[in-house]
Amino acid sequence: MSAPPLTETQILDALRRIQDPDLHRDIVSLDFIKDLKVEDGSVAFTIELTTPACPVKAQMEAQAKEFVGALPGVKEVDVTMSARVTRGRAATDKQSISGVRNIIAVASGKGGVGKSTVAVNLAMALAESGARVGLMDSDIYGPSIPLMMNVSGSPTAGAGNRMVPMENYGVKLMSIGFMTPGDDSPVIWRGPMVMQAVTQFLYNVEWGELDYLIVDMPPGTGDAVLTLVQKVPLSGAVIVTTPQDIALIDAKKGLMMFTKVETPILGIVENMSSFVCPHCGERTEIFSSGGGRKMSEKYEVPLLGEIPLDPEIREWGDQGKPIVIAKPESPVAEAFRTFASAVAARVSVVNIGTGTADRPASGSYIPLKVG
Ligand code: ADP
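Residues numbered from 1 in each chain as written. Predicted model: local features only at pLDDT ≥ 70, side-chain atom pairs only at ≥ 80, totals over all residues. Heavy atoms only, no water.

A. Region of the structure containing the overall build of the chain. Scanning the chain from terminus to terminus reveals 11 helices and 14 strands. Burial status across the chain gives 51% buried among its 371 residues. Carbon and sulfur atoms make up 51% of the accessible area of the chain, which amounts to about 17000 Å² in all. (Helix = DSSP H or I, 4+ residues; strand = E, 2+ residues; numbered from the N terminus. Buried < 20%, exposed > 50% of the residue type's maximum accessible area, 1.4 Å probe, protein only. Areas by Shrake-Rupley, 256 points an atom, 1.4 Å probe, with all protein chains shown as cover.)

B. Broad picture of empty space enclosed by the protein. Counted by the stated rule, this structure contains 1 cavity of 30 Å³ or more. D20, D22, L23, L49, T50, T51, C54, P55, A345 and S348 together form the lining of the largest cavity. When the residues that make up the lining of the largest cavity are grouped by side-chain class, the tally is 5 nonpolar, 3 polar and 2 charged. (1 Å grid on protein atoms, 1.4 Å probe; cavity = no way out; pocket = protein on both sides within 12 Å on 5 of 7 lines; lining within 4 Å. Points joined across faces, edges and corners; volume = space filled by probe spheres on them. Nonpolar A, V, L, I, M, F, W, Y, C, P; charged D, E, K, R; others polar.)

C. Layout of the packing of helix α7 (residues 245-260) against helix α8 (residues 291-299). Two numbers describe how α7 lies on α8: the axes approach to 11 Å, and their chain directions differ by 35 degrees. The two elements α7 and α8 meet at a crossing, and its hand is right-handed. Between α7, through L248, A251, K252 and L255, and α8, the contact on the second element is made entirely by G291, G292, M295 and Y299. Considering only residue class, the contact of α7 with α8 consists of 5 nonpolar, 2 polar and 1 charged. (Axes fitted to C-alpha atoms, helices over the stretch in contact; angles between N-to-C directions. Left-handed = near helix turned anticlockwise from the far one by under 90°. Contact = heavy atoms within 4.5 Å.)

D. Summary view of the packing of helix α3 (residues 115-128) against helix α11 (residues 331-353). At their nearest, the axes of α3 and α11 sit 9 Å apart, and the two run at 80 degrees to each other. Overall, the two elements α3 and α11 adopt an arrangement that is roughly perpendicular. Contacts between α3 and α11 involve T117, V118, N121, L122, A125, L126 and E128 on the former and, on the latter, F336, R337, F339, A340, V343 and A344. Across the contact of α3 with α11, the residue classes tally to 9 nonpolar, 2 polar and 2 charged. (Parallel < 35°, antiparallel > 145°, perpendicular 65-115°, else oblique.)

E. Looking closely at the nonpolar core. Grouped together as the largest cluster of nonpolar side chains are 45 residues, with contacts concentrated most on L135, I214 and F339. Grouped together as the second largest cluster of nonpolar side chains are 41 residues, M163, F201, L202 and A251 included. (Core = buried A, V, L, I, M, F, W, Y, C linked by side-chain atoms within 4.5 Å.)

Rendered as C-alpha cells:
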C-alpha cells in the first residue's frame, strides 16, 4: 500500500518548529512561508524574512531543509530565502516619506566618538546584505560622509525640482557637505537653517524605494538635534558611545532625549571598544572596558555591537572606502556586519511590536530605564 500523499499542513507543522529568535514566534505564524508547493515528494517554498540582514538566515534555511526533509515521502526540498523589510510606523503627527520604509538615526551625545564611521559602515553592511539603503548626513559641524563615501559634487535637480541623491557603493547619499562652498571655510549653521536643509533632504530628495535610510545626526543633544528628532519620522535610534565614562555620560543624555520624544531606542554600540594589536593579536582595553555593556544592562537597552579600535578604519575612511568593503574579511568588518544585523533585527522587532494586540504601541514597550 502506498503512503498517503504529503499535505501542506504536514509541511507547515514541520516548519512551525523554527522560531525567529528576535520576534519570539514561529516562522509559520509570522507568515514567513510563501509559495508553498508540494508535488510527488518535491517540496518548494520561500521563507520571506523581515530583513535581508537577518542574523540567522543561514540557520533558518538549514533547519527548514532538515525538518521538511525528514518528513516521510519527501524526496527534495527547495528553499528560497527572500526578505520584505517591515515598514516603520511613524508617529501620526509626523509626515512620512513615501517609498522609505525605515529611517534610522545614528546619534551620539558628543562629537568624535565615530558616529559618522558607524553610520557609513552600517549603511554599507545593510546594502551588502541586499537591502535598499540611503545615507543622509545631517552632521552640520563636520559633514564627513562625502569624504568617507568618496563622493563629491552637487546633486542635480530631477523631476518636479526634487534633488537626485548622489550614489556610491550602491548607497544613495545626501550630505549637508554638498551644500557648502567647497573651500574649507567653516559654515556656521543656525538651528533654523539646519532644519530647513534637513527637511529638504528628507522630503525633497528622490530617495525612491528604500528599506533603510540611515541618518547621521548632528552630535549632541542641543536644540537643533531635538527639533530634528521631533520632526523626523524615525523607526528608531542607535546611540554611539566609546567606553570612557565621559562618553557614556553623554550617551545617557542621548538616550534620555530619544526617550523623552518617544522614539524607540534600537540600542547602543560601543565604538573603539578595544585595540587589537595588528602584530601580535593581543587585545588591549585602551580606555576602560565593558562600559557599553554596563550601560546597556543599567538602562535595559540592547548592546548592538562592539567595534574595535583599528587604525585601518581611519586610514580607509580617509581614502573614501569604508572598511566593510575595503577589508571585508577583517575582524572589524565582521564586527560591523554583526552590528548591522542586530540593528536590522531590532527594527523588525520594533515595527512588528508597534501597535499590535500583544504589545503596547511605539516606543513605550522598549523597556528603557533612564533615571
Ligand atoms: P564623529 O562622527 O562621532 O565625529 P567620526 O566617525 O568622524 O566621528 O570619527 C572620528 C575619527 O575617528 C575619524 O578619523 C575616524 O576615522 C576615526 N575612527 C572612528 N572609529 C574608529 C575606530 N573604531 N578605530 C579607529 N579609528 C576610528
